[in-house]
Amino acid sequence: MLGIGTLAATLAVVASPLFDLDRFTVPKETALLGSALLAGLLILARVTTLRLGVVDLGLAAVVATSALSALLAANGWNSARSFGVIAGGATVFWASRFVAGQIGRRFLLGLVVLAIVAAASTGLAQAYGWSSPLWAGTRAPGGTLGNRNFLAHLAVIGVPLAGWLLVRARSWLGSGVAVLGLAALPAVIVLSRSRAAWVGLAAVVLAAGLTRLVAGRAGAAPLGGRLRLGLFAIGIGVVAALLLPNRLDWRSDSPYRDSLRGVLNYRDGSGRGRLIQYQNSLNLVRTDPLLGVGPGNWMVAYPLVTTAGDPSFAGNDPIPTNPWPSSDWIALLTERGTLGALTWLGFLGALMTVLLRRVRDPDQTAASVAAVGVVAAAASQGAFDAVLLLAAPTLVTMIGLGALTPVTREVTAIPLAGRRGRILAGFALVLGALTAKSVGQLAAIEAAGTGYPVSQMREALRYDPGNYRLHLFVAGRTGCDVALPHARRAAALLPNHSRPKQLLARCR
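Model, not experiment: these values are computed from the prediction. (Residues numbered from 1 in each chain as written. Predicted model: local features only at pLDDT ≥ 70, side-chain atom pairs only at ≥ 80, totals over all residues. Heavy atoms only, no water.)

A.B. asks: Account for the overall build of the protein, with residues named and values stated.
C.D. replies: Counting its regular elements, the protein contains 20 helices and 2 strands. Overall, the C-alpha framework of the protein stretches about 75 × 70 × 40 Å when taken along its three principal axes. Taking all 508 residues of the protein together, the buried fraction comes to 56%. Counted over contacts in the protein with a minimum sequence separation of 6, partners at least 24 positions apart contribute 77%. Put simply, the protein shows about 21900 Å² of open surface, and 63% of that area lies on carbon and sulfur atoms. Each charge class in the protein was averaged separately, 45 positive and 21 negative side chains, and the resulting centres sit 6 Å apart. (Helix = DSSP H or I, 4+ residues; strand = E, 2+ residues; numbered from the N terminus. Buried < 20%, exposed > 50% of the residue type's maximum accessible area, 1.4 Å probe, protein only. Contact = heavy atoms within 4.5 Å. Areas by Shrake-Rupley, 256 points an atom, 1.4 Å probe, with all protein chains shown as cover. Lys, Arg positive; Asp, Glu negative; His and termini not counted. Charge placed at Lys NZ, Arg CZ, Asp CG, Glu CD.)

See the structure below:
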């Protein structure tokens, strides 16, 4: 289930002229939730006791505080969608820990690396002239992720996983997948010109290198041949990306050099825009400093704090902002408040403590080094872009961390005898409802079609009643007798946005 879910979460796309972003993100959320639901049910039906260590308790606290924040959010549809990514990610973390303990890590992480390479191959294909109506032509080379930044973020997370797989592979197939990944993923990262991904790759190398130094002689192993093979594959990928002519439409004669120069440029361009957005977003913490505005509700509240000249806010557009801020960390603080941020930092702190303590164990050195690399990849890229706010990188990150993190001393145990039915029912109810909602969103995208006739969009709203975009489009394309209830619904979903108010004013 985890392997199939990862393949689906990296490759699933639907065609839709109305939903340029959701047609990529929603299928991946459905894959994450579906695989988490099925894997969780299989495990809960089998185990007799839930044994929780400090890392598990830290993650449980993250889920609990996020759920509380989601319940109190202004837009429950957005909060349920965002909480689904959080809950699904936590579930696959625990499921992958079970798989690693019962079956082993190699097969699971081999499937994960294969899925990332498959997604990367679609980006490479797009870069070198292949096309598909399912891919986004304006944000190439994004492939099945739909955005070059999203694909590059996923590739950076995949690098330490591919490195671990190469070190631990016992068959030519596993080694082949790892080498292919170590060639393809750096090539995608270079071609993407994603500055956050370039910073993330540097962070992976630095963090993994320092962790390996901490291991000292205890982690020494005869890996010279495999290490050289991995470095050779990385070199081939980078050189090929730089030298082979591609079909990417860059506006500069030296695009890669210009991107490298702009990595830390916050005086103009997108860097300056991020700083303005971060400064304005932090004002939302005053709205609810403890629990935040709610998962997925940054876009609901951001119009209250935007300032003149803010490039993140296009006031004349029907939907003037992205669905999330350009930083996981800003989203964490503004949407889940200081309590949510503290629980997340507590989880990461417990995780890193375990990894650094066990890195001197020769049997755990490679896994600990790779896991630290995954943390560095997600945390550093998340400082500049949305990473763990999205389903595909969340699924890959949490499976990787769950499989690679060593088992720790038990802090508490929950026997399932006499309560298995209640726990199974509760889990199925929560994850099942979140999965059903995601399936409804996917059905609405398919049912809406091109948006003409308008009846298609009204039919689509039966599957996703909280879809602001559809309510807004219906209200804007119909007479007042039909438009009025949809404009009111849109205004209720995003009360701080101007377009629904304009539509309401038209019908008064």
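A.B. asks: Kindly report on the packing of helix H18 (residues 468–476) against helix H19 (residues 480–493), identifying the contributing residues and their values.
C.D. replies: At a closest axis distance of 8 Å, the pairing of H18 and H19 adopts a crossing angle of 145 degrees. The crossing of H18 and H19 is left-handed. The segment H18 lies against H19, with Tyr 468, His 471, Leu 472, Val 474 and Ala 475 engaging Val 482, Ala 483, His 486, Ala 487, Arg 489, Ala 490 and Leu 493. Broken down by class, the residue content of the contact of H18 with H19 amounts to 9 nonpolar, 2 polar and 1 charged. (Axes fitted to C-alpha atoms, helices over the stretch in contact; angles between N-to-C directions. Left-handed = near helix turned anticlockwise from the far one by under 90°. Nonpolar A, V, L, I, M, F, W, Y, C, P; charged D, E, K, R; others polar.)

A.B. asks: Outline the environment of Arg 257, listing residues and values.
C.D. replies: On the secondary structure map, Arg 257 appears in helix H10 (residues 255–261). When its relative accessible area of 49% is taken as the criterion, Arg 257 is described as partly exposed. It is 9.6 Å that separates the C-alpha atoms of Arg 257 and Arg 193, two residues lying 64 residues apart in sequence.

A.B. asks: Lay out the state of the cysteines with the relevant residues and their values.
C.D. replies: Tallying each qualifying case throughout the model produces 1 disulfide. Here Cys 480 engages in a disulfide with Cys 507; their sulfurs sit 2.3 Å apart. Here Cys 480 and Cys 507 share a disulfide; its torsion about the S-S bond, -90 degrees, makes the bridge left-handed. Here Cys 480 is found in helix H19, whereas its partner Cys 507 is found in the segment after helix H20 (498–506), with 27 residues between them in sequence. The class of Cys 480 is partly exposed, set by a relative accessible area of 34%. (Disulfide = S-S within 2.5 Å.)

A.B. asks: Could you give me a rundown of helix H5 (residues 105–127), with the residues and numbers involved?
C.D. replies: Here H5 spans 33 Å end to end across 23 residues, near enough to the 33 Å set by a 1.5 Å rise per residue. Of all the 23 residues making up H5, 17 are buried; the element is thus mostly covered by neighbouring parts of the structure. Gly 129 occupies a position one or two residues after H5 and carries a positive phi of about 110 degrees. (Expected span 1.5 Å × (residues − 1).)

A.B. asks: I'd love a proper account of the pattern of salt bridges, names of residues and values included.
C.D. replies: Side chains that differ in sign of charge can pair as their charged atoms come close. Across all of its chains, the model carries 8 salt bridges by this definition. For Arg 462, the salt bridge is made with Glu 459, and the minimal N-O distance between the two is 2.9 Å. Under the relative-accessibility criterion, Glu 459 is labelled partly exposed at 32%. In this structure, a network of salt bridges that share partners links the residues Asp 22, Glu 29 and Arg 81. (Salt bridge = Lys/Arg side-chain N within 4 Å of Asp/Glu carboxyl O.)

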